[in-house]
Amino acid sequence: EEAGNASVDSLYPSSEYMIRIPLIIGTATAFLTSVYLAVTFLPSTTSTILRLRCGQIPTMANEEFNKYRCAPDQVSVILGSMFWGCFLSSILVGGFVGVLVFISLWQATVYFIARVIALFIGRYLFLDSKGSKYTKFSPFPFLCRSLGGGLDSPVYANRVQDHS
């Protein structure tokens, strides 16, 4: 039983920073997401209201205005949808980022995450040579060419030549 407890205890975060840092980063990301959504929604709503009141959006003079008057109670749903959509979006984005940071700091997964990051760094920086068909998908194509890329075929460059 003691061996089982030791293996389970090794899964608990070994330090306080493994909990605190993901919470801080997740909260900051959720806050920035909600600010971005508010800054996006409020000017759009305000400009639409002002255009309606100034007469740029035709109302009573338009023949098709009556089809827009079919459900006047639905107007209140829009503001509620904007609030709850912004609220839930910020919670989901903050939670997702917080979980990713936690997984990258937790002692049970830090080795795996370090290997995955090393794989992506190797793939995007060093394995894309000038002759590779995947160079156009690299986020750093200028770096791929400057690191000695330019071989027509990496497979050809790695062949052992028989000089006998």
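Quick note: structure is the one above.
Residues numbered from 1 in each chain as written. Predicted model: local features only at pLDDT ≥ 70, side-chain atom pairs only at ≥ 80, totals over all residues. Heavy atoms only, no water.

### Section: the environment of R20
Which entries qualify depends on this criterion: Counting from the N terminus, the helices are the DSSP runs of H or I reaching at least four residues and the strands are the DSSP runs of E reaching at least two. Definition of a polar contact: a pair of N or O atoms within 3.5 Å, with one able to donate and the other able to accept a hydrogen when the atoms are protein atoms, and with sequence-neighbouring residues admitted only if both atoms are side-chain atoms.
Among the secondary structure elements, R20 is positioned in helix α2 (residues 17–54). In the structure, R20 is positioned 78 residues away from G98 in sequence and 10.0 Å away in space, judged by C-alpha atoms. Looking at R20, its side chain comes within polar contact range of the side chain of E16, at 2.2 Å.

### As for α2
Counted only if it meets this: Here a helix's expected span is defined as the number of its residues, less one, multiplied by 1.5 Å.
For α2, spanning 38 residues, the distance from its first C-alpha to its last is 55 Å, which sits close to the expected 56 Å at 1.5 Å a residue. Just downstream of α2, G55 is the residue with a positive phi angle, here 95°.

### Here's the deal with a nonpolar patch on the surface
This is how the line gets drawn: Residues qualify for a patch when their relative accessible area is over 30% and they have no salt bridge, like charges being joined within 9 Å and the nonpolar side chains of Val, Leu, Ile, Met, Phe, Trp and Tyr within 5 Å. Throughout, the Shrake-Rupley method with a 1.4 Å probe supplies accessible areas, and for residues the shown protein chains are the sole cover considered. The term salt bridge refers to a pairing of a side-chain nitrogen on Lys or Arg with a carboxyl oxygen on Asp or Glu at a separation within 4 Å.
A surface patch of nonpolar side chains, about 520 Å² in accessible area, is lined by F83, W84, F87, L88 and I91. Assignment of secondary structure puts L88 in helix α4 (residues 75–105).

### A short note on the pattern of salt bridges
Oppositely charged side chains are able to pair whenever their charged atoms sit close together. Note the threshold: Three labels apply to residues, based on accessible area from a 1.4 Å probe with only protein chains included: buried if under 20% of the type maximum, exposed if over 50%, partly exposed otherwise in between.
All chains considered together, the criterion is met by 1 salt bridge. The salt bridge involving R20 is made with E16; its shortest N-O contact spans 2.2 Å. Residue class for E16 comes out exposed when judged on its relative accessible area of 51%.

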